[in-house]
Amino acid sequence: MQIVGLGLIATFLVTILNEHKSNISLLLTVFVGTVIFLFLIDRIQDIFRMVQTLANEAHVQTVYVETILKIIGIAYIAEFGAQISKDAGQGAIAGKIELGGKILILAMAIPILTALIETILSFLPMKG
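Residues numbered from 1 in each chain as written. Predicted model: local features only at pLDDT ≥ 70, side-chain atom pairs only at ≥ 80, totals over all residues. Heavy atoms only, no water.

Trainee: Mind showing me how you'd approach the layout of surface pockets here?
Mentor: Taking a probe equal in size to a water molecule and rolling it over the atoms shows the remaining empty space. Volume-wise, the largest pocket comes out at about 180 Å³. Gly-7, Ala-10, Thr-11, Val-14, Thr-29, Val-32, Gly-33, Ile-36, Phe-80, Gln-83, Ile-84 and Asp-87 are the residues that line the largest pocket. Among the elements of the structure, helix H1 (2-20), helix H2 (22-57) and helix H3 (62-87) are those that each provide at least two residues to the lining of the largest pocket. Of the residues that constitute the lining of the largest pocket, the class distribution is 6 nonpolar, 5 polar and 1 charged. If you go around the second largest pocket, the residues you meet are Phe-37, Ile-41, Ile-44, Gln-45, Phe-48, Ile-72, Gly-73, Tyr-76 and Ile-77. Taken together, the elements giving at least two residues each to the lining of the second largest pocket come down to H2 and H3. Counting residues per element, the lining of the second largest pocket draws most heavily on H2, at 5 residues. Across the lining of the second largest pocket, the residue classes tally to 7 nonpolar, 2 polar and no charged. (1 Å grid on protein atoms, 1.4 Å probe; cavity = no way out; pocket = protein on both sides within 12 Å on 5 of 7 lines; lining within 4 Å. Points joined across faces, edges and corners; volume = space filled by probe spheres on them. Helix = DSSP H or I, 4+ residues; strand = E, 2+ residues; numbered from the N terminus. Nonpolar A, V, L, I, M, F, W, Y, C, P; charged D, E, K, R; others polar.)

Trainee: Whenever I open this one, unusual backbone geometry confuses me. Can you help?
Mentor: Most peptide bonds take the trans configuration, and most residues that are not glycine carry a negative phi. Positive phi values are uncommon outside glycine, yet His-59 reaches one of about 60 degrees. For His-59, the position within the fold is in the loop between H2 and H3. The exposure class of His-59 is exposed, given its relative accessible area of 72%. (Buried < 20%, exposed > 50% of the residue type's maximum accessible area, 1.4 Å probe, protein only.)

Trainee: Looking at this structure, how should I read the side chain of Thr-67?
Mentor: Mapped onto the fold, Thr-67 is located in helix H3. By relative accessible area, which is 15% here, Thr-67 ends up buried. When near neighbours in sequence (up to four residues on either side) are disregarded, Thr-67 contacts Met-108 and Ile-112. (Contact = heavy atoms within 4.5 Å.)

Trainee: How should the confidence of the model for the protein chain be read in this particular structure?
Mentor: Detailed conclusions should not be drawn from predicted coordinates in areas where pLDDT is low. In this model, the protein chain carries a mean pLDDT of 87, and residues with pLDDT of at least 70 account for 98%. Confidence, expressed as mean pLDDT per element, reaches its minimum in the protein chain at H1 with 84 and its maximum at helix H4 (residues 91-123) with 92. (pLDDT = per-residue confidence, 0-100.)

In structure tokens form, the structure reads like this:
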């Protein structure tokens, strides 16, 4: 409720300020977005800890869980940056941020994909 309330108040203020002080409305947009993101960091950390605990109980290798959590973090941060750029009217920069995030995610996922393919191949009967 707090996030929705803050978002609605900010939207109202930005709409009013857009007509008179567009640079202040952009700063307000960035500020409120950052406050909402910071407000959620504790919740995100709780989720990461819970996933880590579940992975430990399931005896999943820590490196895979850490990599997946980093990939999720990159996705959220890239989305946040892209949205702020879009709010500032910089769609081209937003697109580059999204592309950069996707490339980083792909690069980090390669070891997991390799392990997955090797696991699948180990179950297949060998010809010869």
